[in-house]
Structures are given as C-alpha cells and as structure tokens.
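Coordinate inspection notes
The chain contents come next:
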Amino acid sequence: MHSGSLAIADAPLLRYVLGRADDALVLGHRLSEWCGHGPMLEEDLALANLALDLIGQARTLYTYAGVLEGAGRDEDAYAYLRDERGYRNLLLVEQPNGDFAATIVRQFLYAAWADPYWRQMTRSADATLAAIAAKAEKELAYHLRHTGEWMIRLGDGTAESHERAQRALDNLWWLTGECADVGPGEQALIETGIAVNPAAVQDVCRDTVSRVLRDATLVLPTGGVMRSGGRLGRHSEHLGHLLTDLQYLQRTHPGATW
Amino acid sequence: MTEGPVVDLETRREAVRRVVAQVPDPEIPVVTIDDLGILRDVIAEGDTLQVVITPTYSGCPAMRVIEHDIVAAVEAAGLGPVQVTLSLSPAWTTDWMSDRARQQLRAFGIAPPGPARSTTESSADTTAVATFFRHAPVTCPRCGSLRTTELAAFGSTACKSLWRCEACREPFDHFKAH
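Here the structure is a predicted model, which is why all the values come from computation and not from measurement. (Residues numbered from 1 in each chain as written. Chains lettered and ligands numbered in written order. Predicted model: local features only at pLDDT ≥ 70, side-chain atom pairs only at ≥ 80, totals over all residues. Heavy atoms only, no water.)

The number of helices and strands found in chain B is 4 helices and 7 strands. Counting from the amino terminus, chain B carries its helices and strands in the arrangement α-β-β-α-β-α-β-α-β-β-β. Dimensions along the principal axes, computed over C-alpha positions, put chain B at roughly 60 × 35 × 25 Å. Per-residue burial for chain B yields a buried fraction of 44% across its 178 residues. Across chain B, contacts joining residues at least 24 apart in sequence account for 53% of those joining residues at least 6 apart. Of the roughly 8,900 Å² of accessible surface on chain B, 52% is carried by carbon and sulfur atoms. Considering chain B, the positive charge centre built from 17 side chains and the negative charge centre built from 22 side chains are found 9 Å apart. (Helix = DSSP H or I, 4+ residues; strand = E, 2+ residues; numbered from the N terminus. Buried < 20%, exposed > 50% of the residue type's maximum accessible area, 1.4 Å probe, protein only. Contact = heavy atoms within 4.5 Å. Areas by Shrake-Rupley, 256 points an atom, 1.4 Å probe, with all protein chains shown as cover. Lys, Arg positive; Asp, Glu negative; His and termini not counted. Charge placed at Lys NZ, Arg CZ, Asp CG, Glu CD.)

Printed below as a string of structure tokens:
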C-alpha cells in the first residue's frame, strides 16, 4: 500500500532530472485535458500530439531518474506517488488551460525556453541526458513553430483574439523568470557540463519571444514581479487539483495494473 | 546446420536480423521497421540476442507494438528468445529512411519526408521565427504537383501532417522531416 508521498533521495542530479520530467508531465497532462474539447478538430489533434511528445519525454526522464536513484522505482512511481510538494516543475506549466489563447501563450512561452534548452543539453557531459535531449529538441522545435504561428495569428488576428492573447501574456509572463533559476546543487552540475547553464539559453529565448510578439502585435507586460517556487516544491493552488486527477487511480487502488 | 534447436549464435543472429527486418511498421504497414531506420542492430550479448531499436518520437505509441511484433516474429520463426532494447542515441531521423521506403510511402499516398533540419546548424536558433508559415515544398504523392498546402501540422500519427493538393484537390498525408 502506498500512502503519502514517496521519500526521494535528495541528490542534485536526481532532483534536476525530476524537475525536467515534472515540467514535461504536468504540461503534457494539462494539454491532455483539451482532448475532445479543442476549438476545431485540427487543433484538438495538435494539442494531443504536443501532449504525447511531452509525456514521452517525461517517461524517459523518469526512467532515468529511477536509474539515478537506484531504489528500484519506475516512471509510474514518480508520477503517481509524489505529493505536490515533491513535484519540482515550473509554475508556468501547471497553470490551468483557460481559453485556447491562454493555452497557446503558455505553450509558446515554454517552447521558447525548452527548445534552445534541450538543444544546449545535446552537448551535456551526461550521455543519457544528451540522448534524451537529442530527441526532445527536435520535438520542441516543432512545438515552437506551431505555437509561435498561433501567437501571431491570435495576436494579429481579430480584436477579440488579440485581447485574449494579450491578457494571457499579462498573466503568464511573470511565471517565466523561474526558467532561468539555478536550483540547489545545480551550479556544480553546470560547472561539470552536465546541466545547462541558463545564461546560455536566455538570449535565444528572449530573442524568439520578442520577434514573435512583434509580429503578433503583442507587448510584454510591465510593472510586475517574477514569481518562482515550483522548482523548490512551492506551487500554485492549481497543481494539487491537477494531481488529484492524474493520480486518482493509483491512489485509490494502489498498485493497480491492467 | 540451420535445422534443429542447436545453431551457433552468429547463424541465429543473422537469421533473426533477416526476420526482424521484415517486421512492418504497425501504423504504416507498407514499410518495414528496417526501411524506416527504427531497427538499428541485432547483437549477441553472451548467449542471448538483443534486437536494438530506436524510438521515432518520444511518445510514439507504436513503439510498444513494434517491440511485441519483433518478439512474435522471431518466435514464429523458431529463432527465439530475443530481448528488445531501446537505444536513444543517435536520435532517429527521417534521413535514415531508405529510398525503397520513400517509394513505398508515395505509392501508398503518403508524401515522403525531405531532408531533416540539422540539430547542429549554427543558424537554427536565430532563424526559427523566420521559418514560421513557410514550408519546404511537398510534392503531391498522387499527381506529382508542387501546388500543395498544409492543412494541419499534426495528422493521424505523430510522424505525419495533413496536406492538400491544389492541382488534383486530393488531401494527403506528409511524413514530416524529423
């Protein structure tokens, strides 16, 4: 029987890998909530496909976390048996779907960061992370293109679509600073060439965002403060609700298989 | 020599390679996993054989079916047991697809992929936005026209997008360069 949250060893690389796996799983799960509810069939399929890529990345990363921890845990144990405080994902990815514009803005902001992040990771001194990255960066490049095109269509579209996209950007922008945070124990991983130095990715990310926003006639909000905490397990209220859905079956029927 | 339960490992390895190379892709059964570049190797480890495959997309749901089909094909040929292992590196690319597979895709109504973008392209970072709304030309697999339009960036499987030919007016799948 499993109750409560797994006690995970607190090793820097394990923590780092779990954070990236959590980003992919939580965002993939959010997108899966759109399945059958998309504004049109093509975009319903698109969001489900983005989710599939992300959940696939999460599975590979969780599997690697299991190897690193050496406690015999598989991908499902990490996904289903940790409470929200054990999750290390970015606040950005756990935000609710909102309308289509909010989902696209969230996805674009993530992809604008994750695409150059994974490309940089292909040069990691850790062979497994480099291999995972080589697959993820191709997928994220496609995600960036798809969501970037939608940013431009929505922002430079009708008054209604512009307003919705701008409103989503005004809300979500303040959750992007966390991407560049260096977590506990992470500096040593950067220095040994295992983890990505966020400074090496930030310029590319900013450049992508500013180019797309210009074409989309959208503007970055001003006067706010960047929020963080997800990487330390301090989440917005939304993650707990998401996990009750994601973990329901394994929490209600521990060890269930089919 | 090839009859009976005892054959040497190298003979069995070669036979397994031939059998596994014929396993069709579960979602596009006109091409084999060998032609798609999913089958990487068959190697002898101690006295067991390992079939090494590489995933296409991280979340491709066909991978588990492919693993199952490999084991079933090898056992049906009386060449078992084998283990199937996944190799992530080097990452699969559509550039590994054989010319035969490209022809078979076209005959099946799927436009084959063009050259994949290189991960190491130094310009990849700065030109991403400049490529939005632009596509490398895709040839209609039915009539050969280049007057084609993308209808949806995501299609019936992770590896395909949906297009329409403006000349013959038929929709068709495009196997995305990846």
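From this point on, the discussion continues.
Residue and element names in this part refer to chain B. If you check helix α1 (residues 9–21), its first and last C-alpha atoms are 18 Å apart, about what 13 residues at 1.5 Å a residue would give, namely 18 Å. Along α1, the residues that are buried comprise R12, R13, A15, V16, V20 and A21. Residues of α1 that are buried sit in contact with β1 (39–45), β2 (48–53), α2 (62–76) and β3 (82–86). Among the residues of α1, the N-terminal cap falls to D8, whose side-chain oxygen and the backbone nitrogen of E10 are separated by 3.2 Å. (Expected span 1.5 Å × (residues − 1). Polar contact = N/O pair within 3.5 Å; in protein donor to acceptor, adjacent residues only side chain to side chain.)

Right, let's talk about the packing of aromatic side chains for a bit. All names here are of chain A. Counted under the stated rule, the structure contains 7 aromatic pairs over all chains. Seen from their ring centres, Y62 and Y78 are 6.1 Å apart, and the 15° between their planes marks the pair as stacked. Of the two residues, Y62 sits in helix α2 (residues 41–69) while Y78 sits in helix α3 (residues 75–80), which places them 16 residues apart along the sequence. Taken together, a centroid distance of 5.0 Å and an interplanar angle of 75° make the contact between Y117 and W118 edge-to-face. (Phe/Tyr/Trp six-rings, centres within 6.5 Å; stacked < 30°, edge-to-face > 60°.)

For the rest of this paragraph, the subject is the interface of chain A and chain B. Contacts between the two partners involve 34 residues from chain A, matched on the other side by 35 residues from chain B. Together chain A and chain B conceal approximately 2,900 Å² of surface at their shared face, both sides included; 60% is due to carbon and sulfur atoms. For the pair chain A and chain B, the number of links is 0 salt bridges. Where chain A meets chain B, there are 10 residue pairs in polar contact (both at pLDDT 80 or more). Elements with a contribution of two residues or more to the side of chain A that touches chain B: α2, α6 (127–155) and α9 (199–216) of chain A. No other element matches α6 of chain A, which puts 16 residues into the side of chain A that touches chain B. (Buried area = accessible area lost by both parts, 1.4 Å probe. Salt bridge = Lys/Arg side-chain N within 4 Å of Asp/Glu carboxyl O.)

A few words on the pairing of strand β7 (residues 171–175) of chain B. In the case of a regular strand, side chains alternate between the two sheet surfaces. Residues and elements named next belong to chain B. Among the 5 residues in β7, 4 count as buried, and that is most of the element. As paired strands, strand β6 (residues 160–165) and β7 are joined by 5 bridges and run antiparallel to one another. In the sheet register, R164 faces β7, and the bridge partner there is P171. Linking β6 to β7, which pair antiparallel, is a turn of 5 residues; within it R169 sits at a positive phi near 65°. (Pairing = 2+ DSSP bridges.)

Let us look at the pattern of salt bridges. Working definition: two side chains of opposite charge can pair if their charged atoms are close together. Residues and elements named next belong to chain B. Throughout the structure, instances matching the rule amount to 22 salt bridges over all chains. R100 is paired through a salt bridge with D35; the nearest N and O atoms lie 3.0 Å apart. Note that R100 is positioned in helix α3 (residues 99–107) and D35 in the loop between α1 and β1, a separation of 65 residues in sequence. Since its relative accessible area comes to 48%, R100 is described here as partly exposed. On the basis of relative accessible area, D35 is assigned to the buried category, the value being 6%. As a salt-bridge pair, R164 and E166 come within 3.6 Å of each other at their nearest N and O atoms. Relative accessible area serves as the criterion here: at 28%, R164 is assigned to the partly exposed category.

One can find D245 of chain A in helix α10 (residues 237–246). The spacing of D245 of chain A and H29 of chain A is 216 residues in sequence and 9.6 Å in space, taken between C-alpha atoms.

It is worth spelling out the packing of helix α5 (residues 100–121) of chain A against α6 of chain A at this point. Residue and element names in this part refer to chain A. Where α5 meets α6, the closest approach of the two axes is 7 Å, and the angle between their N-to-C directions is 145°. The handedness of the crossing between α5 and α6 comes out as left-handed. The residue makeup of the contact of α5 with α6, split by class, is 21 nonpolar, 4 polar and 3 charged. (Axes fitted to C-alpha atoms, helices over the stretch in contact; angles between N-to-C directions. Left-handed = near helix turned anticlockwise from the far one by under 90°. Nonpolar A, V, L, I, M, F, W, Y, C, P; charged D, E, K, R; others polar.)

Quick look at the sheet that holds β1 of chain B now. Residue and element names in this part refer to chain B. Judged by pairing direction, the sheet is mixed, and its 3 strands sit side by side in the order β1-β2-β3 without closing on themselves. Edge strands, defined here as strands with exactly one partner in the open sheet, are β1 and β3. This sheet shows a mean twist of 25° between the axes of neighbouring strands, independent of strand direction. Docked against the sheet, α1 engages β1, β2 and β3, running at close to 160° with respect to β1. The sheet contacts of α2 involve β2 and β3, and relative to β3 the element is tilted by about 155°.

On to the side chain of H178 of chain B, then. Along the polypeptide, H178 of chain B turns up in the segment after β7. Look past the residues within four positions of H178 of chain B in its chain and what remains in contact with it is K138 and E139 of chain A together with T56, Y57, W92, T93, T94 and A116 of chain B.

Scope: geometric values only; no functional claims are made or implied.
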